[in-house]
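Examining the three-dimensional arrangement
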Amino acid sequence: MSERPVPTTDTQHAAATLDGWYSLHDFRKIDWARLKLVDAEKRQHMIDEFTTFLASLEEIEAKGEGSHAFYSILGQKADLVLMVLRPTFNELEDVERAFRKTALYDYMIPSYSYVSVIELGMYRGSGDGDPYQNPHIRSRLYPTLPKAAHICFYPMSKARRDGDNWYMLSMDERKDLMYRHSMIGRSYAGKIQQFIGGSTGFDAWEWGVTLFAEDSLQFKKIVYEMRFDEVSAKYGEFGDFYVGNILPKENLSTFFSV
Ligand code: VOV
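Residues numbered from 1 in each chain as written. Predicted model: local features only at pLDDT ≥ 70, side-chain atom pairs only at ≥ 80, totals over all residues. Heavy atoms only, no water.

In the annotation of an unreviewed UniProt entry, the entry for the protein chain reads Coproheme decarboxylase, and the organism field reads Exiguobacterium marinum. Reading the Function (unreviewed entry) entry of the UniProt record for the protein chain gives the comment "Involved in coproporphyrin-dependent heme b biosynthesis. Catalyzes the decarboxylation of Fe-coproporphyrin III (coproheme) to heme b (protoheme IX), the last step of the pathway. The reaction occurs in a stepwise manner with a three-propionate intermediate." A UniProt comment under Sequence similarities (unreviewed entry) is attached to the protein chain, and it reads "Belongs to the ChdC family. Type 1 subfamily." (UniProt positions renumbered as here; feature names shortened; annotations may be inferred.)

1. A closer look at helix α5 (residues 171-186)
Helix length check: α5, at 16 residues, gives a terminal C-alpha distance of 22 Å against a target of 22 Å (1.5 Å per residue), a fit within 8%. Looking at the buried positions of α5, the neighbouring elements they touch are β5 (150-158), α6 (217-227) and α7 (230-235). (Helix = DSSP H or I, 4+ residues; strand = E, 2+ residues; numbered from the N terminus. Expected span 1.5 Å × (residues − 1). Contact = heavy atoms within 4.5 Å.)

2. A closer look at the coordination of the iron atom of the ligand
Counting protein donors to the iron atom of the ligand gives just one, H181 (NE2), placed at 2.0 Å. On the secondary structure map, H181 appears in helix α5. (Donors = N, O, S within 2.8 Å, 3.2 Å for Na, K, Ca; no water.)

3. A look at the confidence of the model for the protein chain
When the pLDDT values of the protein chain are averaged, the result is 94; 95% of them are 70 or greater. Scoring the predicted complex yields pTM 0.94 and, for the interface, ipTM 0.94. (pLDDT = per-residue confidence, 0-100.)

4. A short note on the site of the ligand
Taken together, the neighbourhood of the ligand is formed by 23 residues, with G121, Y123, Y154, H181 and S232 sitting nearest. The separation between an oxygen atom of the ligand and a polar side-chain atom of K158 is 2.9 Å. In the model, an oxygen atom of the ligand is placed 2.5 Å from a nitrogen or oxygen of the S232 side chain. If you list the elements that add at least two residues to the shell around the ligand, you get β4 (108-121), β5, α5, β6 (192-198), β7 (207-213) and α6. Broken down by element, the residue count for the shell around the ligand peaks at 5 residues, all from α5. Classifying every residue of the shell around the ligand gives 14 nonpolar, 6 polar and 3 charged. (Near = heavy atom within 4 Å. Polar contact = N/O pair within 3.5 Å; in protein donor to acceptor, adjacent residues only side chain to side chain. Nonpolar A, V, L, I, M, F, W, Y, C, P; charged D, E, K, R; others polar.)

Written as structure tokens, this is what we have:
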């Protein structure tokens, strides 16, 4: 894996970031009406093939060369999401190509996608030594995504309005605000696991936020609590929220039964 140069923090401008695996969220709707027309035997064959595809992703994850999460999505915005982490853009494309080759893919309609890179902000510095060699930091930059019961994804940006422009604040002001953000976040330790993907220059928003939890109510609690925190109250701008349930490959037959 190619390591990136250790960042230095410019106290006037951008907070330095540590950047890990690239991330693709691929949201799809199922064309249920067309799938209903497929006879049961062929449908089962397609499900078996898709199970093999998911198993191939699990092999990569077991080798520590990437990770993925596969969830069903509630509501009409999408039916499922495949979130994939890989060391390069090219390897994300490899996954897209393998996904495309499955027969079930032909019954899926793209509904949303998001490209980012797992990011750690260095507002508080990164301690001694090369952070890319620090095992704790590595586990956050190159994570194995949790197999939690529920997922919540949304894109967000920091405001650039007259008066409330995050990008015109001094580094010290941003550091203070982010510290308060992190303290709220920490109070959800054990309840929420968060993965922040930096996406400036990659996608329409500046960050993709992916939260995992065993108790879906915790998503509402943390997002609501953060709305009162200055970073979100003044500067947070949000896209659509996608929430759903883990979809283990053993449950595919039930999920695709029509
Ligand atoms: C489990 C909850 C949790 C925890 C512990 C946590 C902590 C932290 C820390 C320590 C840091 C800064 C350093 C780093 O590690 O990057 C961040 C950074 C970030 N966060 Fe966060 N956050 C959480 C949770 C959490 C949530 C729920 C959201 C959405 C906000 C909301 O209103 O809906 C969020 C957003 C972000 C973003 C967009 C960034 C990058 C902003 C930037 O300007 O760079 N975050 N976050």
